[in-house]
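Letter by letter, the chains look like this.
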Amino acid sequence: MTAYFILKFLHILGAIVILGTGAGIAFFMLMAHRSGNAAFIAATAGIVVVADLLFTTTAVILQPFTGGFLMQMSSTTTDEPWIVVSLILYAVAGLFWLPVVFMQIEMRNLALQAVADRAPLPPRYHILFRRWFWFGFPGFGVVVAILWLMIAKPSF
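Residues numbered from 1 in each chain as written. Predicted model: local features only at pLDDT ≥ 70, side-chain atom pairs only at ≥ 80, totals over all residues. Heavy atoms only, no water.

### Thoughts on the nonpolar core
Soluble, globular proteins show a tendency: their nonpolar side chains are buried together.
Now for step 1: The biggest cluster of nonpolar side chains holds 20 residues, and the ones touching the most others in it are Ile25, Met29, Ile41, Met107, Leu121, Tyr125 and Trp132.
Now for step 2: At the level of elements, α1 (3-35), α2 (38-73), α3 (81-117) and α4 (123-152) are the ones that each hand at least two residues to this core.
Now for step 3: In this view, Tyr125 contacts His33, Ile41, Met107 and Leu110; residues no more than four positions away in its chain are not counted. (Core = buried A, V, L, I, M, F, W, Y, C linked by side-chain atoms within 4.5 Å. Buried < 20%, exposed > 50% of the residue type's maximum accessible area, 1.4 Å probe, protein only. Helix = DSSP H or I, 4+ residues; strand = E, 2+ residues; numbered from the N terminus. Contact = heavy atoms within 4.5 Å.)

Set out below in structure tokens:
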């Protein structure tokens, strides 16, 4: 097994973790929200925050390193159009993902407070959920596009 193969495997694994964690988090948050149960939402959001920080953050940090090393080992440069587009999309994904992490933390805290107060979820929770929901589409979509670019490597 070569160093290049190991790096490529780690890079692909990172992409899978980002996509898989993103899809799983979206599903579980949506199902918890649909329940309307503040305690269930708080518990689910708590797990989601930990999963996002543990898995997604780790993969997001490692991807540029494994990608950069793969570029060096394969003599690929940033002159390749698919690399340029991928890097731009990676930045766009980050612009959508980072606020979502903070939204999840605040939604968890609002749900916990609602449980403690034995009150319904406040309007702020619902505003955040809608924003979180709509941020997911471009955030997830550009990650899928990056994966396609990594595989297809189009010359445009």
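### Remarks on the side chain of Gln104
Now for step 1: Structurally, the position occupied by Gln104 is in helix α3.
Now for step 2: Apart from the residues within four sequence positions on either side, Gln104 is in contact with Ile25, Ala45, Val48, Val49, Asp52 and Trp132.

### Remarks on the layout of surface pockets
Over the atoms rolls a probe the size of a water molecule, and its path tells where empty space is left.
Now for step 1: As a volume, the largest pocket reaches approximately 1,200 Å³.
Now for step 2: Every residue lining the largest pocket is counted, 48 residues in all, and those nearest its centre are Ala15, Ile18, Tyr90, Val143 and Ile146.
Now for step 3: Counting residues per element, the ones that place at least two in the lining of the largest pocket are α1, α2, α3 and α4.
Now for step 4: Here the element with the most residues in the lining of the largest pocket is α1; it accounts for 13 residues.
Now for step 5: Considered as a void within the structure, the second largest pocket measures approximately 170 Å³ in volume.
Now for step 6: Lining the second largest pocket we find Leu10, Leu13, Gly14, Val17, Leu54, Phe55, Thr58, Ala59, Leu62, Gln63 and Thr66. (1 Å grid on protein atoms, 1.4 Å probe; cavity = no way out; pocket = protein on both sides within 12 Å on 5 of 7 lines; lining within 4 Å. Points joined across faces, edges and corners; volume = space filled by probe spheres on them.)

### Considering α1
Now for step 1: Along its 33 residues, α1 runs 47 Å from first to last C-alpha, staying within 8% of the 48 Å computed at 1.5 Å per residue.
Now for step 2: Those residues of α1 that are buried lie in contact with α2, α3 and α4.
Now for step 3: Downstream of α1 by a residue or two, Gly36 has a phi angle that is positive, lying close to 75°. (Expected span 1.5 Å × (residues − 1).)

### With respect to the pattern of salt bridges
Now for step 1: Under the definition given, this model contains 1 salt bridge.
Now for step 2: For Arg124, the salt bridge goes to Glu106, with nearest N and O atoms at 2.8 Å. Within this pair, whereas Arg124 is found in helix α4, its partner Glu106 is found in helix α3, the two being separated by 18 residues in sequence.
Now for step 3: Overall, the relative accessible area of 34% leaves Arg124 in the partly exposed class. (Salt bridge = Lys/Arg side-chain N within 4 Å of Asp/Glu carboxyl O.)

### Things to note about a nonpolar patch on the surface
Now for step 1: A cluster of nonpolar side chains, Met1, Phe5, Ile6, Phe9, Leu10, Ile12, Leu13 and Ile16, forms an exposed patch at the surface whose accessible area comes to about 810 Å².
Now for step 2: In this fold, Phe9 is placed in helix α1. (Patch = residues over 30% accessible without salt bridge, like charges linked within 9 Å, V, L, I, M, F, W, Y side chains within 5 Å. Areas by Shrake-Rupley, 256 points an atom, 1.4 Å probe, with all protein chains shown as cover.)

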